[in-house]
Amino acid sequence: MSTTTPVHDAKRWALLGGVLVFTFLLLGFFGREVYRQAPPIPERVVTPDGTTLMTKDDILTGQTVWQSAGGQQLGSIWGHGAYQAPDWTADQLHREATALLDVKAEKEGAKDFASLSADRQAVLKAALVREMRANTYEAASGAVTISAERAEALRRVAVHFDALFGGSPGLKTLRQAYAMSESTIPDATRRKALTAFFFWTSWAATTERPGQSITYTNNWPHEPLVANHPSSANVVWSFVSIVLLLAGVGAVVWWNAFREKPEPPVTPPASDPFMGLALTPSMRACGKYVGTVLALLAVQVGLGALTAHYTVEGQALFGLPIGQWLPYALTRTWHVQTGVFWIATAFLAAGLFLAPVIGGHEPKFQRLGVNVLWGALLVVVAGSLTGEYLAIHQVLPLDLSFWFGHQGYEYVDLGRVWQIALFVGLVLWLVLMLRAILPAARRRDDSRSLVLMFTGSTTAIGLLYGAGFFFTAKTHLSVMEYWRWWVVHLWVEGFFEVFATAAIALLFAKLGLVDKKHAGAAVIASSALFLFAGIPGTFHHLYFSGTPVSILAVGASFSALEVVPLTLIGLEAFRTSRLQTAAPWMSAYRWPIRFFVGVAFWNLVGAGVFGFLINPPIALYYMQGLNTTPVHAHTALFGVYGLLSLGLVLVIARKLSGVRPWKETQLKLAFWAMNVGLAAMVVLSLLPIGLAQTWASVEHGLWYARSADFLQLPALQTLRWLRIVGDTVFLGGVALLFWFFTGLITGWSYEKAAEPDLDADEALAESA
């Protein structure tokens, strides 16, 4: 007898609805503040004598040049992007400050700033802080006025960047350290505009908001020369976030121990409920999606290994000058993009495969829709990767690069045309899903809550990707970051997780391993808890993106609570692992379940521990843009969503391969190699480098932590080389997984069977 009543269901639905309304209102209200308080882009930057140094059009054109060259895949701006080249904001700021000190010293007759006495240096440093933090923006005219001395400093910095991006032989060694192409931007006009954009990002980072003693970026980056130090709000809200985390953990543990009703005992069926499951044409068509997932995974990890190698050789692979064709910015773009593609493809496949099972029928032309969607996916993948190649090699006209080449922003790199095509594909997927599952959603049985959660998360996945259309090539950078994180955080980290939770619960419910009504109630409650923190927690990505203190306060408070549900992850892992021995026939699902257990582990370590490592504002102030971020990114993206996707794919493969038992040795080795390789990659390389950079950031400033002088130190180079250990083990695991799946088609991954399974053979032929 179920322990859940209709009254309790209504309360849970009301709770979830209230959470969604409240959190999206919060996201929208403070999003308005992002628009309203974004740092101004001046119409003109002028000197006191009226000389115009740059215009708003120059700055925005420079932004599009930056996008076309790879944008956030070539260094970073405001801490967001790649980690090999500098953070251009911090680099520009430090170079401008030191150049201005030299100019001031030369005006006094000295050779340079270093040749002055300590007393004169102190005087000039104080003058530097006053000048660079002063806000000279005039709203009426839209002009920013800077001194002639500062204009000269900007000219010197611009000469450096022009030489760096233009291929000057004198900076070849520095380009190799940055893993840049020899001629990243051949066009001199584009390079000039780029320097204007770099100046504006650093101007916002060192100019105080009107009437306040903090800069537009909340005093980020750390730069002692211009008195950029953590603000009072940064420190206070960091303490608040830690207190909220501790309180939330205590509340959830108390609730779980004393208030939660025990899960009703379930007697598993005597035989596999899916044993007699008739594969529909659309379910068999999902086989090709499995092959696509594996192919994209293989490409992605190969690109990841090459990108990691560029951090030690810059433009070569063990001496081969491959960087002239596949530069770091391109391989990292493709690495990130194919990662999103294969994980998304796995989720699409899981949904399409489960939809007829959930709905209990196969809609007309469903297989045709599944095949058309797969073809459209291939077009988007091929078109976007080609466009990114052409953009980074500066082949496309600047006004077309954003549309057909590279948008410049991490995780939404693909050109806008391909982004639109992908969104159309997601809408098609949503239509295919709803056609199949709506009949089940109308039925008032014990599975209804699960089906409704599955349906709702499917709808959110299909539509939320559209948030990426709210910015254009010349949208203000602060506003763009706001909408970009709607896609990255809400679409991927938010509703993908709800979809996965509902899909796995539905799967176990269909297998008769969990009580349907209790599982439905649990999914509603856990989703409400996760989304309550996760939706406004989006703002923790925006602490230093030209946003006001209110964004820092909301982001710090709610994102700390995102970790709270993870405190029960050990219990979740135990319950999940216990299902593999719930009935003798469950041995067939042993490895999908172990992948789900791996998800629970990395959810705790990658999303929880490493996520909170960089989550409090005071931590992120010093760590943003350092290798502590890819520690979290790799362990959360692959460890959670990657293993989850592979687990779902294994469920599909298990049913497509019929009743024939698998040879599981290769699968076992693949599982452990990928997990051990991921851990080794983090422990031997990424984490030590990130912590060393954090020390350098605290001691000297972000510019130094990201500089070639620091990252090319022998100890840091050794740590980079050590990554090859984890990468090699991980690549071996992926190769074994690919070999195993290939064997499901050829037959070598099966134990010897007495009778062939013709239905399974037909299904697996779809993935060939």
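Residues numbered from 1 in each chain as written. Predicted model: local features only at pLDDT ≥ 70, side-chain atom pairs only at ≥ 80, totals over all residues. Heavy atoms only, no water.

1. Comments concerning the overall build of the protein
Turning to step 1, where the next piece is worked out: Counting its regular elements, the protein contains 27 helices and 6 strands.
Turning to step 2, where the next piece is worked out: Over its C-alpha trace the protein gives a radius of gyration of 27 Å, about what one expects of a compact globule, namely 27 Å for 768 residues.
Turning to step 3, where the next piece is worked out: Taking as baseline every contact in the protein between residues at least 6 positions apart, the subset at least 24 positions apart corresponds to 78%.
Turning to step 4, where the next piece is worked out: Accessible surface, the protein: about 28200 Å² in total, of which carbon and sulfur atoms supply 67%.
Turning to step 5, where the next piece is worked out: Separation of charge centres in the protein, based on 54 positive and 51 negative side chains, amounts to 6 Å. (Helix = DSSP H or I, 4+ residues; strand = E, 2+ residues; numbered from the N terminus. Rg over C-alpha atoms; globule rule 2.2 N^0.38 Å. Contact = heavy atoms within 4.5 Å. Areas by Shrake-Rupley, 256 points an atom, 1.4 Å probe, with all protein chains shown as cover. Lys, Arg positive; Asp, Glu negative; His and termini not counted. Charge placed at Lys NZ, Arg CZ, Asp CG, Glu CD.)

2. Structural notes on the nonpolar core
Generally speaking, soluble globular proteins have nonpolar side chains that are buried together.
Turning to step 1, where the next piece is worked out: In this structure, Trp 88, Phe 165 and Phe 741 are the most contacted members of the largest nonpolar core, which totals 225 residues.
Turning to step 2, where the next piece is worked out: Ranked by residues supplied to this core, first place goes to helix H16 (residues 477–510) with 25 residues.
Turning to step 3, where the next piece is worked out: Once residues within four sequence positions are removed from consideration, Phe 165 is found in contact with Leu 74, Trp 88, Met 180, Ser 183, Thr 184, Ile 185, Arg 191, Leu 194 and Phe 198. (Core = buried A, V, L, I, M, F, W, Y, C linked by side-chain atoms within 4.5 Å. Buried < 20%, exposed > 50% of the residue type's maximum accessible area, 1.4 Å probe, protein only.)

3. Observations concerning the environment of Phe 274
Turning to step 1, where the next piece is worked out: Structurally, Phe 274 can be placed in the loop between helix H8 (232–258) and helix H9 (281–285).
Turning to step 2, where the next piece is worked out: We classify Phe 274 as buried; its relative accessible area is 7%.
Turning to step 3, where the next piece is worked out: Residues Phe 274 and Leu 737, spaced 463 residues apart in sequence, show a C-alpha to C-alpha distance of 24 Å.
Turning to step 4, where the next piece is worked out: In contact with Phe 274, not counting residues within four places along its chain, are Val 357, Leu 507, Lys 510, Leu 511, Tyr 589 and Lys 655.

4. A word on the packing of aromatic side chains
Turning to step 1, where the next piece is worked out: Inspection of the entire model under this criterion finds 47 aromatic pairs.
Turning to step 2, where the next piece is worked out: Ring centres of Trp 88 and Phe 165 lie 5.2 Å apart, and the angle between their planes is 50°; this geometry places the pair in the tilted category. Here Trp 88, found in helix H3 (residues 88–107), pairs with Phe 165, found in helix H5 (residues 148–166); they are 77 residues apart in sequence, far enough to count as distant. Of the two residues, Trp 88 and Phe 165, neither departs from the other in class, the shared state being buried.
Turning to step 3, where the next piece is worked out: Between the aromatic rings of Phe 601 and Trp 602, the centroid separation amounts to 5.0 Å while the plane-to-plane angle is 80°, which identifies the pairing as edge-to-face.
Turning to step 4, where the next piece is worked out: Of the residues examined, Trp 602 reaches a relative accessible area of 4% and is grouped as buried.
Turning to step 5, where the next piece is worked out: Each member of the aromatic cluster is reached from another via a ring pair, and the members are Trp 66, Trp 88, Phe 161, Phe 165, Tyr 178, Phe 197, Phe 198, Tyr 409 and Phe 471.
Turning to step 6, where the next piece is worked out: Lying across the ring of Trp 374, Lys 288 places its NZ or CZ 5.7 Å from the centre. (Phe/Tyr/Trp six-rings, centres within 6.5 Å; stacked < 30°, edge-to-face > 60°. Lys NZ or Arg CZ within 6 Å of the ring centre and 35° of its normal.)

5. Description of the sheet that holds strand E1 (residues 44–46)
Turning to step 1, where the next piece is worked out: The strand order E2-E1-E6-E5 describes an open sheet built from 4 strands, whose pairing is mixed. Two strands bound the open sheet, and with one partner strand each, they are strand E2 (52–55) and strand E5 (137–138).
Turning to step 2, where the next piece is worked out: In this structure, E1 lies alongside E2, joined through 3 bridges in antiparallel fashion. Within E2, the residue paired with Val 46 across the bridge is Thr 52. (Pairing = 2+ DSSP bridges.)

6. Re the environment of Ser 238
Turning to step 1, where the next piece is worked out: Residue position: Ser 238 is located in helix H8.
Turning to step 2, where the next piece is worked out: Not counting chain neighbours up to four residues away, the residues in contact with Ser 238 comprise Pro 616, Pro 617 and Ile 618.
Turning to step 3, where the next piece is worked out: A polar contact is formed between the side chain of Ser 238 and the backbone oxygen of Asn 234, at a distance of 2.7 Å. (Polar contact = N/O pair within 3.5 Å; in protein donor to acceptor, adjacent residues only side chain to side chain.)

7. Remarks on unusual backbone geometry
Turning to step 1, where the next piece is worked out: With an omega of 0°, the peptide bond between Trp 220 and Pro 221 qualifies as cis.
Turning to step 2, where the next piece is worked out: The phi dihedral of Ala 179 is positive, around 60°, even though this residue is not glycine.
Turning to step 3, where the next piece is worked out: Its place among the elements puts Ala 179 in the loop between helix H6 (172–178) and helix H7 (188–206).
Turning to step 4, where the next piece is worked out: Positive phi is not limited to glycine here, since Tyr 411 has a value of about 75°.
Turning to step 5, where the next piece is worked out: Positionally, Tyr 411 belongs in the loop between helix H13 (398–405) and helix H14 (416–442).

8. Overview of the environment of Asn 603
Turning to step 1, where the next piece is worked out: Within the fold, Asn 603 resides in helix H20 (residues 590–613).
Turning to step 2, where the next piece is worked out: Of the residues examined, Asn 603 reaches a relative accessible area of 8% and is grouped as buried.
Turning to step 3, where the next piece is worked out: Sequence separation of Asn 603 and Leu 637 is 34 residues, and the distance between their C-alpha atoms is 9.5 Å.

9. Things to note about a nonpolar patch on the surface
Turning to step 1, where the next piece is worked out: On the surface, Phe 318, Val 683, Leu 684, Trp 721, Leu 722, Ile 724 and Val 725 cluster together to form a nonpolar patch covering roughly 600 Å² of accessible area.
Turning to step 2, where the next piece is worked out: Secondary-structure elements contributing two or more residues to the nonpolar patch are helix H23 (665–700) and helix H26 (714–746).
Turning to step 3, where the next piece is worked out: When residues in the nonpolar patch are grouped by element, the largest group, 4 residues, is from H26.
Turning to step 4, where the next piece is worked out: Here Val 725 is to be found in helix H26.
Turning to step 5, where the next piece is worked out: Residue Val 725 is classed as partly exposed on the basis of its relative accessible area of 40%. (Patch = residues over 30% accessible without salt bridge, like charges linked within 9 Å, V, L, I, M, F, W, Y side chains within 5 Å. Salt bridge = Lys/Arg side-chain N within 4 Å of Asp/Glu carboxyl O.)

10. Thoughts on the packing of helix H15 (residues 448–464) against H16
Turning to step 1, where the next piece is worked out: The interhelical angle for the contact between H15 and H16, taken along N-to-C directions, is 155°, at an axis separation of 9 Å. As far as their axial angle goes, H16 and H15 are roughly antiparallel. For the pair H15 and H16, the crossing hand works out as left-handed. Across from Leu 450, Val 451, Met 453, Phe 454, Ser 457, Thr 458, Ala 460, Ile 461 and Leu 464 in H15, the residues of H16 making contact are Trp 486, Leu 490, Trp 491, Phe 495, Phe 496, Val 498, Phe 499, Ala 502, Ala 503, Ala 505, Leu 506 and Ala 509.
Turning to step 2, where the next piece is worked out: For the contact of H15 with H16, the class distribution of residues is 19 nonpolar, 2 polar and no charged. (Axes fitted to C-alpha atoms, helices over the stretch in contact; angles between N-to-C directions. Parallel < 35°, antiparallel > 145°, perpendicular 65-115°, else oblique. Left-handed = near helix turned anticlockwise from the far one by under 90°. Nonpolar A, V, L, I, M, F, W, Y, C, P; charged D, E, K, R; others polar.)

11. Regarding the packing of H3 against H5
Packed helices, taken two at a time, are described by the angle between their axes plus the distance between the axes.
Turning to step 1, where the next piece is worked out: For the pair H3 and H5, the least separation of the axes is 8 Å and the interaxial angle reads 130°. On the basis of the axis angle, H3 is oblique to H5. In the packing of H3 onto H5, the handedness of the crossing is right-handed. Listed contacts from H5 to Trp 88, Asp 91, Gln 92, Arg 95, Glu 96, Ala 99, Leu 100, Asp 102, Val 103, Lys 104, Glu 106 and Lys 107 of H3 are Glu 149, Arg 150, Glu 152, Ala 153, Leu 154, Arg 156, Val 157, His 160, Phe 161, Leu 164 and Phe 165.
Turning to step 2, where the next piece is worked out: The residue inventory of the contact of H3 with H5, partitioned by class, reads 10 nonpolar, 2 polar and 11 charged.

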